[in-house]
Structure formats: structure tokens, C-alpha cells
Amino acid sequence: MARLPILEYPDERLRTPAAPVTVFDAALGSLIDDLVETLHATTGIGLCAPQTGELRRVLVMDLSGDGSAPQAYVNPEILSRSGLAIVEESCLSLPGVAAKVFRSARVRVRASDRTGRSFERDLEGMHAVCLQHESDHLDGKLFTDRLSALRRLRFRTALAALERKASRSARSREAAGVRATPDPRQAVR
Ligand code: NI
């Protein structure tokens, strides 16, 4: 088991639709275990593989509050929806941003478990909201996409701060790369 780094906005991989899982092997099991461990190290209730840079359709959720009830969904597909839920959402990939989002209150989902066995489950309340939020990630969507332009304006500052942070760390990676490259003049001497 390992804790995985969580990508933050505006990382492009968060905008890339994830590929369906076709091989149910030990590596998939390890990925699921790592996602659960990573989720449990946060205050979040859901996490998906693309948030860790693995562009595969895998998500995990745990709404127990004590880490006792992790659930994994591989290739989840929402079969039906009903009702309306308006819940304040946040996202591990969008630190500092929270907003009320319109979702379905109940969903029926079909997915596979880590062994490839298909199952269907009815979810409601926060379970339903969390599954919809994480399923959006698998399609390269963030919860802020579901807000009106006007409501998104409220997060302009927080989003701009994340963009600045990303470009700062890209610059410092470049700087580190330059330092790591041996000076050719030294090599000649
Ligand atoms: Ni999220």
C-alpha cells in the first residue's frame, strides 16, 4: 500500500477522460488499495484514479467517517437517477473551493468490483452525491463545471491562486533540472 500524490487544478490530467478498465489483475487491486489509503489520509469522502494521475475508470468512497467502510467502483455507470440534492461540495483537487451543486438525490449504479464481478447498487444522499462527483472526474469534469458562470466568479481568486501555484512549481522543477545538469565546461576540464 502506498499513498499517492493528488493532482490539483489546473493539471491537464484532471481534464482527460479516463479509459475503462479491461484487466482485473493484482495491479488493479493494488491501485484500489492505494486509492483507499490515500483517501483515508485526507478529510475527503471520495477519490478517483485520475486524481492521482492514473487515467482509469476507478473510484473509491468511504462515508463512514472512521475509515471502516471503503467501497470501490470500477467502470461505474449510472443507470438511473431521481430526485434533487443540493449539497455543498469540495474536491481534493480544488483546495479552497466549496460550492453547492445540483445533483440527483438517488442513483442506481452498475460497476465491477476488483475481481471484475459486476454489481448494481442503489445509492442515496451523500453516497449518491459522492458517486456523481467522482464519476464526473472519470469524464474529465470538475464540480465547478456544474456552476453557473456567475457563481464560478466567486472562485476566481481561489482558482487563480491554484494556477499560480502550479506555474511556480513548474518553474522550480525547471530550475532544479538546470542545476542537476552538469556544466559542460566542467566536463571538458
Ligand atoms: Ni473531486
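Residues numbered from 1 in each chain as written. Predicted model: local features only at pLDDT ≥ 70, side-chain atom pairs only at ≥ 80, totals over all residues. Heavy atoms only, no water.

**Points about the environment of R151**
Phase 1 of the analysis: The residue R151 is located in helix 3 (residues 149–153) in this model.
Phase 2 of the analysis: Under the relative-accessibility criterion, R151 is labelled partly exposed at 25%.
Phase 3 of the analysis: In this structure, R151 is in contact with A99, K100 and F102, ignoring residues within four places of it in sequence. (Helix = DSSP H or I, 4+ residues; strand = E, 2+ residues; numbered from the N terminus. Buried < 20%, exposed > 50% of the residue type's maximum accessible area, 1.4 Å probe, protein only. Contact = heavy atoms within 4.5 Å.)

**Observations regarding the pattern of salt bridges**
Phase 1 of the analysis: In this structure the tally under the stated criterion is 14 salt bridges.
Phase 2 of the analysis: A salt bridge links D145 to R15, with the nearest nitrogen and oxygen atoms 2.7 Å apart. Here D145 is found in the loop between helix 2 (125–138) and helix 3, whereas its partner R15 is found in the segment before helix 1 (26–40), with 130 residues between them in sequence.
Phase 3 of the analysis: For the salt bridge of D136 with R103, the shortest nitrogen-to-oxygen distance reads 2.9 Å. (Salt bridge = Lys/Arg side-chain N within 4 Å of Asp/Glu carboxyl O.)

**Overview of the packing of aromatic side chains**
Phase 1 of the analysis: Overall, the coordinates contain 1 aromatic pair when judged by the stated rule.
Phase 2 of the analysis: On the basis of an interplanar angle of 50° and a centroid distance of 5.7 Å, the ring pair of Y73 and F119 is categorised as tilted. With Y73 in strand 3 (residues 71–82) and F119 in strand 7 (residues 118–124), this pair connects stretches of sequence that are 46 residues apart. Taken as a pair, Y73 and F119 share a single burial class, namely buried. (Phe/Tyr/Trp six-rings, centres within 6.5 Å; stacked < 30°, edge-to-face > 60°.)

**Side note on the coordination of the nickel ion**
Phase 1 of the analysis: The protein atoms that coordinate the nickel ion are C91 (SG), H133 (NE2) and H137 (NE2), at distances of 2.1 to 2.3 Å.
Phase 2 of the analysis: Counting the intervening residues between successive donors of the nickel ion yields the motif C-x41-H-x3-H. One end of the pair, C91, is in the loop between strand 4 (85–90) and strand 5 (98–103); the other, H137, is in helix 2, with 46 residues separating them in the sequence.
Phase 3 of the analysis: Note on H137: relative accessible area 2%, which makes it buried. (Donors = N, O, S within 2.8 Å, 3.2 Å for Na, K, Ca; no water.)

**Observations concerning unusual backbone geometry**
With the exception of glycine, most residues fall at negative phi, and the peptide bonds are largely trans.
Phase 1 of the analysis: Each neighbour pair has its own omega, and for Y9 with P10 the value is 5°, a cis peptide bond.
Phase 2 of the analysis: Located in the positive-phi region is N75, a residue other than glycine, with phi close to 50°.
Phase 3 of the analysis: Mapped onto the elements, N75 comes out in strand 3.

**Here we look at helix 1**
Phase 1 of the analysis: For helix 1, spanning 15 residues, the distance from its first C-alpha to its last is 21 Å, which sits close to the expected 21 Å at 1.5 Å a residue.
Phase 2 of the analysis: Turning to helix 1, its buried residues number three or more, namely L28, G29, L31, I32, D34, L35, V36, T38 and L39.
Phase 3 of the analysis: Those residues of helix 1 hidden inside the fold are in contact with strand 1 (46–48), strand 2 (58–61) and strand 3. (Expected span 1.5 Å × (residues − 1).)

**Observations regarding the environment of R13**
Phase 1 of the analysis: Following the sequence through the fold, R13 ends up in the segment before helix 1.
Phase 2 of the analysis: On the basis of relative accessible area, R13 is assigned to the partly exposed category, the value being 37%.
Phase 3 of the analysis: Separated by 127 residues in sequence, R13 and G140 have C-alpha atoms that sit 7.8 Å apart.
Phase 4 of the analysis: Setting aside its immediate chain neighbours within four residues, R13 contacts L7, G53 and L55.

That's the geometry; what it means functionally is another story.
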